[in-house]
Number of protein chains: 2
Amino acid sequence: MAARDPGSDKIKRHTINDVARLAGVSKKTVSRVINESPFVKEETRKTVLAIMRETGYVPDPQARGLAFRRSFLVGLIYDNPNPQHTISHQQGLLDAMAGSGFELVVRPVDRHSPRLLADMRDFVERQKLFAVVLPSPVSEDEKLAALLRELDVPYVRIGSVALDEPDRMLVSHDGRGAAQAARHLADLGHTRIALISGPPTFRSSIERKKGFEEGLAERGLRLAPEYAKIGAYTYESGVNAAHELFALEARPTAVFCLNDEMATGVYTAAREAGLRIPEDVSVVGYDDAPIAVRLWPPMTSVRLPLRDMGRMAGEMLVPNALREKRADAHEVQPQLVVRGSTGKVG
Amino acid sequence: MAARDPGSDKIKRHTINDVARLAGVSKKTVSRVINESPFVKEETRKTVLAIMRETGYVPDPQARGLAFRRSFLVGLIYDNPNPQHTISHQQGLLDAMAGSGFELVVRPVDRHSPRLLADMRDFVERQKLFAVVLPSPVSEDEKLAALLRELDVPYVRIGSVALDEPDRMLVSHDGRGAAQAARHLADLGHTRIALISGPPTFRSSIERKKGFEEGLAERGLRLAPEYAKIGAYTYESGVNAAHELFALEARPTAVFCLNDEMATGVYTAAREAGLRIPEDVSVVGYDDAPIAVRLWPPMTSVRLPLRDMGRMAGEMLVPNALREKRADAHEVQPQLVVRGSTGKVG
DNA sequence: GCCCCGTATGATACCGGTGTCACCGTCCCC
DNA sequence: GGGGACGGTGACACCGGTATCATACGGGGC
């Protein structure tokens, strides 16, 4: 039990001074033990560690941070239209950070705000962040990355394609997943395949679209202009785009959506248009969000291991005694999961 | 622009000492200005504020926290099977905290872990949290609340029913929403109404069930034992419970689920059993999660303003210059949203 | 035996703020 | 005119750690 003052006072935590006094050494030596300095005699180290355990002493991160000029906080800076994305990354990050002594500070931003850079400078400088994680699409902001380099803060960008700084990048190879989807649909005999892409400002959308077209090309197909719709990664935009597609003379027999939200919109539009999935139209999504298996029929989708990605980003940035080494792989592979929303054409 | 050493060195932030020197006052007076002490001459205050603006000075939260023995971090401690819940609360909290100078630290826990209390003590003490937010079901842990009182940390518990400390409680009156659902179904002519509840350890489930039965009673109905199923707040448990209900001789014509996840499971089970919604069976969920409007037909559900609840919790705890006063209402009202999954019986 | 070097430790300043208390000047009251 | 009370300010210690530098000690090379 911690010592409690008799005078109805608060519990007083032990400080480094208490430990030093009890161990009969200077506080600097205790500090050395805390920071695993190699220049401490084994015997001294043991004594100090024993006292630390007895007293339940844990160093104060604020004081440590003040002296180190660096906090023990990791920032997660996000701006994603899809909360599921954020929460998955967050979960993974927290997995990697559990028990490390670091804490996760979450920070939503508007990446189009003119104050973004100023706000981020203030955030990072003020909190003296230990590291920063940038999921897509914030990760695509080169100015933000440049700012973080200027501020000398370690960071990991999570994105769909390798950029020019591989050590600070976690790549999900989005194009490959889209190519899998394209081949899958082609192999089922589809030729009239439509695409509903995301906002052209999203790198993920660009990469997925590119991969999709490459996949089609492998099977001798190409994306017809009238089958290429642009959505906004939202449910509603999926509904609207699908309605346009279904109204075409030569209705597509398959629709590939660059995220599950829009694909869900295609389900709705199909119902409204009286089309059956997959008999009349096959649907493929991207992300493999929880909703994919909750729809009827369960949706074929490209799985993106979002939680793993968060965890790997955390492992790249945060030292953790519970784990031997930092992550060395800086990439993950998307994987098509075939379910009931895709079937043979006709 | 901040000053940059010529020697290719880092940017050096201004400290309270710089401001004091430039303003020709002691650092203590600058400190007084920062903390809005009333004992500073107006003229002095203006001078100091001007210098602070010129230099772009912002106080270091770590140093301040060290001296105050309290950080500027708010903890969100959660353990919810439904990530959507967490992310919504988190969003609202961040809404309330934006621009306040406080940061949000998120902390998932396993509320059944034997180490929970020890971990929480360590977390709160070590980080010297300014305040803590406890969403349901963590909010139902009396020992945790007692610990926080012992540690003298302000907190808000978000829960379905008023507890004995109204000032630290944000109530969502879950029973009332469930009663609305019951009346709605009864008014549509349903009498064979089934209930799929959540884990009996969840207060929200208890309250919703109670409210539901009260609502039925108002219409002269009661919940038949064979229609009362216990789920786990998960999709799969909803599927299973619904299958059991649909296999009954006297199949229920309506199913009320105590969350949307399980209600989504009922959709699946209905499809598998060849039942149409709402013609053969009406379905009502609880939470009004995003998925409710993405299902076909769109689901009738009881809306819980999760984001508002997070925001209100934040307003109860964090002073914010951007807002005049703290929240005074400590409750929100659930609201039934009628959509296509409920219809007249027969 | 002396010097040098690497190991092991502590005294002291410092990180950037706040608390305590002493001090000064004014105004007010008797 | 003396004595409080009070507004306004600063010197100094302190919060709980780390960095710098000095010091002490044992061992090897000459």
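Residues numbered from 1 in each chain as written. Chains lettered and ligands numbered in written order. Predicted model: local features only at pLDDT ≥ 70, side-chain atom pairs only at ≥ 80, totals over all residues. Heavy atoms only, no water.

**Some thoughts on the overall build of chain A**
No. 1: What chain A contains, in helices and strands, is twelve helices and eleven strands.
No. 2: The globule rule puts the C-alpha radius of gyration for 346 residues at 20 Å, and the 26 Å found for chain A is more than 25% above it.
No. 3: Overall, the C-alpha framework of chain A stretches about 85 × 40 × 40 Å when taken along its three principal axes.
No. 4: Contacts in chain A between residues at least 24 apart in sequence constitute 70% of all its contacts with a sequence separation of at least 6.
No. 5: Here chain A has roughly 15200 Å² of accessible surface; of this, 51% comes from carbon and sulfur atoms. (Helix = DSSP H or I, 4+ residues; strand = E, 2+ residues; numbered from the N terminus. Rg over C-alpha atoms; globule rule 2.2 N^0.38 Å. Contact = heavy atoms within 4.5 Å. Areas by Shrake-Rupley, 256 points an atom, 1.4 Å probe, with all protein chains shown as cover.)

**Observations concerning the protein's contact with DNA strand C**
No. 1: If you check the shell around DNA strand C, you find 30 residues, and the closest are Thr29 and Thr44 of chain A together with Ile16, Ser31 and Asn35 of chain B.
No. 2: For DNA strand C, the backbone portion of the atoms within 4 Å of the protein, that is sugar and phosphate, comes to 62%.
No. 3: Residue Arg64 of chain B places a side-chain N or O atom 3.1 Å away from a phosphate oxygen belonging to DNA strand C.
No. 4: Only α2 (27–34) and α4 (61–68) of chain A together with α2 (27–34) and α4 (61–68) of chain B provide two or more residues apiece to the surface near DNA strand C.
No. 5: The greatest single-element share of the surface near DNA strand C, amounting to five residues, is contributed by α4 of chain B.
No. 6: A class-by-class count of the residues in the surface near DNA strand C yields 14 nonpolar, seven polar and nine charged. (Near = heavy atom within 4 Å. Polar contact = N/O pair within 3.5 Å; in protein donor to acceptor, adjacent residues only side chain to side chain. Nonpolar A, V, L, I, M, F, W, Y, C, P; charged D, E, K, R; others polar.)

**A word on the domain arrangement of chain A**
Residue and element names in this part refer to chain A.
No. 1: Annotation of chain A at the domain level lists domain 1 (16–59), domain 2 (69–172 + 307–317) and domain 3 (174–304).
No. 2: Centre-to-centre, using C-alpha coordinates, domain 2 lies 30 Å away from domain 3.
No. 3: Each side of the interface is counted separately: domain 2 has twelve residues, and domain 3 has ten residues.
No. 4: Together, the buried faces of domain 2 and domain 3 total about 1000 Å²; carbon and sulfur atoms form 58% of this surface. (Domains from an automatic or database assignment. Buried area = accessible area lost by both parts, 1.4 Å probe.)

**Remarks on the sheet that holds strand β6 (residues 193–197) of chain B**
Residues and elements named next belong to chain B.
No. 1: With mixed pairing, six strands are arranged side by side in an open sheet as β7-β6-β8-β9-β10-β11. Every interior strand has two partners, whereas the edge strands, β7 (228–230) and β11 (335–337), have only one. Within this sheet the neighbouring strands show an average axis-to-axis angle of 20°, counted without direction.
No. 2: With four bridges connecting them, β6 and strand β8 (residues 254–257) associate as parallel partners. Across the sheet, the residue bridging to Ala194 is Val255, located in β8.
No. 3: In the packing of helix α10 (residues 235–246) onto the sheet, the strands contacted are β6, β7 and β8, and the crossing angle to β6 comes to about 155°. (Pairing = 2+ DSSP bridges. Axes fitted to C-alpha atoms, helices over the stretch in contact; angles between N-to-C directions.)

**Topic: helix α11 (residues 260–273) of chain A**
Residues and elements named next belong to chain A.
No. 1: Over its 14 residues, α11 runs 20 Å from end to end, which matches the ideal 20 Å to within 8%, given 1.5 Å per residue.
No. 2: Most of α11 sits inside the fold, with eleven of its 14 residues counted as buried.
No. 3: Every buried residue of α11 is accounted for by Asp260, Glu261, Met262, Ala263, Thr264, Gly265, Val266, Tyr267, Thr268, Ala269 and Ala270.
No. 4: Those residues of α11 that are buried are in contact with β6 (193–197), α10 (235–246), β8 (254–257), β9 (282–287) and β10 (300–303).
No. 5: Two to three positions downstream of the cap, the backbone nitrogen of Glu261 sits 3.4 Å from a side-chain oxygen, assigning the N-cap of α11 to Asn259.
No. 6: At the C-terminal side of α11, Gly274 shows a positive phi close to 75°. (Expected span 1.5 Å × (residues − 1). Buried < 20%, exposed > 50% of the residue type's maximum accessible area, 1.4 Å probe, protein only.)

**Structural notes on the sheet that holds strand β2 (residues 103–108) of chain B**
No. 1: The strand order across the open sheet formed by ten strands is β5(A)-β4(A)-β3(A)-β1(A)-β2(A)-β2(B)-β1(B)-β3(B)-β4(B)-β5(B), and the pairing between neighbours is mixed. Either end of the sheet is taken by a strand with one partner, and the two such strands are β5 (169–171) of chain A together with β5 (169–171) of chain B. Across the sheet, the mean angle separating the axes of adjacent strands is 25° when strand polarity is ignored.
No. 2: Two strands pair when backbone bridges link them, and strand β1 (residues 73–78) of chain A and strand β3 (residues 131–134) of chain A are joined in this way by three bridges, in the parallel orientation. Pairing of Leu76 of chain A across the sheet is with Val133 of chain A, part of β3 of chain A.
No. 3: Where helix α7 (residues 142–150) of chain B meets the sheet, its contacts fall on β3 (131–134) and β4 (155–159) of chain B, and the angle it forms with β4 of chain B comes to roughly 165°.
No. 4: Relative to β4 of chain B, helix α12 (residues 306–317) of chain B is tilted by about 155°, and along the sheet it contacts β3, β4 and β5 of chain B.

**Some words on the nonpolar core**
No. 1: In this structure, Phe246 and Phe256 of chain A together with Phe246 and Phe256 of chain B are the most contacted members of the largest nonpolar core, which totals 144 residues.
No. 2: When residues no more than four places from it in sequence are discounted, the contact partners of Phe256 of chain A are Ala178, Ala181, Leu185, Ala194, Leu195, Ile196, Phe212, Val284, Gly285, Tyr286 and Val302 of chain A.
No. 3: Listed in part, the 38 residues of the second largest apolar core include Ile77 and Ala145 of chain A together with Leu116 and Leu134 of chain B. (Core = buried A, V, L, I, M, F, W, Y, C linked by side-chain atoms within 4.5 Å.)

**Notes on the pairing of β6 of chain B**
Residues and elements named next belong to chain B.
No. 1: Within β6, five of the five residues are buried, which leaves the element mostly enclosed by the surrounding structure.
No. 2: In this structure, β6 lies alongside β7, joined through three bridges in parallel fashion. What sits directly across from Leu195, in β7, is Ala228.

**Here's the deal with the interface of chain B and chain A**
No. 1: Listed by partner, the interface residues are 49 residues for chain B and 49 residues for chain A.
No. 2: Carbon and sulfur atoms make up 54% of the surface buried where chain B meets chain A, a total of about 4400 Å² over both sides.
No. 3: Run the count over chain B and chain A and you get nine salt bridges.
No. 4: Its salt-bridge partner being Glu103 of chain A, residue Arg107 of chain B comes within 2.9 Å of it at the nearest N-O pair.
No. 5: Seen at the junction of chain B and chain A, the total is 15 residue pairs in polar contact (both at pLDDT 80 or more).
No. 6: Elements with a minimum of two residues in the side of chain B that touches chain A: α4, β1 (73–78), α5 (83–97), β2, α6 (116–127) and α11 (260–273) of chain B.
No. 7: The residue makeup of the side of chain B that touches chain A, split by class, is 21 nonpolar, ten polar and 18 charged.
No. 8: Here strand β2 (residues 103–108) of chain A pairs with β2 of chain B via three bridges, running antiparallel. (Salt bridge = Lys/Arg side-chain N within 4 Å of Asp/Glu carboxyl O.)

**With respect to the relation of the copies chain B and chain A**
Two copies of the chain are present, and they differ by a rotation about an axis and a shift along that axis.
No. 1: For the match of chain B to chain A, the screw axis carries a shift of 0.0 Å, the RMSD comes to 0.1 Å, and the turn is 180°. The operation mapping one copy onto its partner corresponds to a two-fold rotation axis. When each C-alpha of chain B is compared by its distance to the rotation axis, Val105 of chain B comes out closest, at 2.3 Å.
No. 2: Both copies share a contact surface, since 100% of the interface residues of chain B are interface residues in chain A too. (Least-squares fit on C-alpha atoms with pLDDT ≥ 70 in both.)

**Section: the pattern of salt bridges**
Residues and elements named next belong to chain A.
No. 1: The final tally for this structure, using the stated rule, is 55 salt bridges over all chains.
No. 2: For Arg208, the salt bridge is made with Asp287, and the minimal N-O distance between the two is 3.7 Å. On the criterion of sequence distance, the pair formed by Arg208 in helix α9 (residues 203–218) and Asp287 in strand β9 is long-range, its members being 79 residues apart.
No. 3: When its relative accessible area of 4% is taken as the criterion, Arg208 is described as buried.
No. 4: Measuring nitrogen to oxygen at the nearest pair gives 3.1 Å for the salt bridge that ties Arg276 to Asp280.
No. 5: By sharing partners, the salt bridges in this structure join Glu142, Arg149, Arg157, Glu165 and Arg168 into a single network.

**A short note on the packing of aromatic side chains**
No. 1: Evaluation of the coordinates by the stated rule reveals twelve aromatic pairs over all chains.
No. 2: Judged by centre distance (5.3 Å) and plane angle (85°), the ring pair of Phe202 of chain A and Tyr233 of chain A falls under edge-to-face. With Phe202 of chain A in the loop between β6 and α9 and Tyr233 of chain A in the loop between β7 (228–230) and α10, the pair connects residues that are 31 residues apart, well separated along the chain.
No. 3: Owing to a relative accessible area of 6%, Phe202 of chain A belongs among the buried residues under this scheme.
No. 4: Of the residues examined, Tyr233 of chain A reaches a relative accessible area of 8% and is grouped as buried.
No. 5: With centroids separated by 5.0 Å and ring planes inclined at 35°, the aromatic side chains of Phe212 of chain B and Phe256 of chain B adopt a geometry described as tilted. Highlighted residues: Phe212 of chain B in helix α9 (residues 203–218) and Phe256 of chain B in strand β8, separated in sequence by 44 residues.
No. 6: Members of the aromatic cluster, joined through ring pairs, are Phe68, Phe72, Phe102 and Phe130 of chain A. (Phe/Tyr/Trp six-rings, centres within 6.5 Å; stacked < 30°, edge-to-face > 60°.)

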